[in-house]
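# Notes for the structure review
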Amino acid sequence: MRKDLKFIRIIRGILLLISVVLLIWAVYDHRSAMIKGWYADEELKPLQPRFQNALFGAVISKPGDSLNIKGKDGYVFKLEKSDLVTGTVYNLHQESTLYSIYKTAMLVIGFTLFIISFKVFSKLYYFLDDSAKGEIFTLKNINRIKDIGFFCISLSILLWVGDVLAFLRTQELVRFTDYQMEYNFDFNYILFAAGMVTMVIMYVFKKGYDLQQEHELTI
Amino acid sequence: MAIVVNLDVVLAQRKMSLTELTELVGITMSNLSILKTGKAKAIRFETLEAICLALDCQPGDLLEYRKEK
């Protein structure tokens, strides 16, 4: 039993270490967005050659200048020039209602994903913490495992919805161009399966809790 | 549960307190309270034997089956 508890403590330590590494990596990976602004990562690189021509270069000469372009179906696009370290980039902004809806929905989903991920981490941490103390088959732990399973299933669905929204949003943005968007989003089966397995483990823990109660209430 | 523990009745008949029974049987007060209040899920034969010996009674005096409605 003491060996098992030591093993749980090691797992808890690994979980903390991985979480810290992932957090540092996430901050490092999105440093440009943090320095240059929220939408700095949204540069449409495939569109660069189309707009890097003399015409646009002459009209929008200074960084921060913009040009309104009328596209198909009455859409109006705003072309902005930004001088980055890597070169000149023309960012395309579209002021359509559908685009804004997709953007807002993605923001909401992103925020929800962040909260759910944090919840999964905290519940897993407290589950391991209680287990390391020897409190394994408790109602609190059963509820935690149930929540983790539910959150994993929700995460897999929300990630897929987020991918679909990102696809629709970008498709909306390049609608007036000759560019075609590729359908490249997959359902995260592993996360979904992990959620289902966690739900099964929850029932195992429930049985364990019943057996423990029976054992403790046997006089 | 359909099985009812009549430990309090037998204790009253013997004019014995739960503390006295605890000393005689060697079971903790909390465990005997669980048994008395009917919260117990099971009872070991050795516990039943010890209580029967202490109270000079039969298992049937302590346990009763009542059909659930």
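None of the values given here were measured: they were computed from a predicted structure.

What counts and how
Residues numbered from 1 in each chain as written. Chains lettered and ligands numbered in written order. Predicted model: local features only at pLDDT ≥ 70, side-chain atom pairs only at ≥ 80, totals over all residues. Heavy atoms only, no water. Disulfide = S-S within 2.5 Å. Phe/Tyr/Trp six-rings, centres within 6.5 Å; stacked < 30°, edge-to-face > 60°. Buried < 20%, exposed > 50% of the residue type's maximum accessible area, 1.4 Å probe, protein only. Helix = DSSP H or I, 4+ residues; strand = E, 2+ residues; numbered from the N terminus. Contact = heavy atoms within 4.5 Å. Buried area = accessible area lost by both parts, 1.4 Å probe. Salt bridge = Lys/Arg side-chain N within 4 Å of Asp/Glu carboxyl O. Polar contact = N/O pair within 3.5 Å; in protein donor to acceptor, adjacent residues only side chain to side chain.

## Quick look at the state of the cysteines
In this structure the tally under the stated criterion is 0 disulfides over all chains. In this structure Cys52 of chain B is not part of a disulfide, and its nearest cysteine sulfur, from Cys57 of chain B, lies 4.3 Å away.

## Notes on the packing of aromatic side chains
Residues and elements named next belong to chain A. Under the criterion given, the structure shown has 7 aromatic pairs over all chains. Here the aromatic rings of Phe150 and Phe151 are separated by 6.0 Å at their centres, their planes lie at 50 degrees, and the arrangement is tilted. For Phe150, a relative accessible area of 49% corresponds to the partly exposed category. On the basis of relative accessibility, which here comes to 15%, the residue Phe151 falls in the buried class. Among the aromatic side chains, those forming a connected cluster through ring pairs are Phe121, Tyr125 and Tyr126.

## A short note on unusual backbone geometry
Peptide bonds are, in most cases, trans, and in most cases residues other than glycine have a negative phi. All names here are of chain B. Positive phi, close to 50 degrees, is recorded for Lys15, a residue that is not glycine. The topology assignment puts Lys15 in the loop between α1 (7–13) and α2 (18–25). In this structure, Asp56 takes a positive phi of about 50 degrees despite not being glycine. Owing to a relative accessible area of 66%, Asp56 belongs among the exposed residues under this scheme.

## Regarding the interface of chain B and chain A
Between chain B and chain A, the residue contacts involve 11 residues of the former and 4 residues of the latter. Summed over both sides, the interface of chain B with chain A buries roughly 740 Å², with 67% coming from carbon and sulfur. Three residues stand out in chain B for area buried against chain A, namely Lys41, Ala42 and Arg44 of chain B, and they jointly supply 58% of the buried area on that side. Seen at the junction of chain B and chain A, the total is 0 salt bridges. For the pair chain B and chain A, the interface holds 4 residue pairs in polar contact (both at pLDDT 80 or more). Ranked by residue count, the leading element in the side of chain B that touches chain A is helix α3 (residues 29–36) of chain B, at 3 residues.

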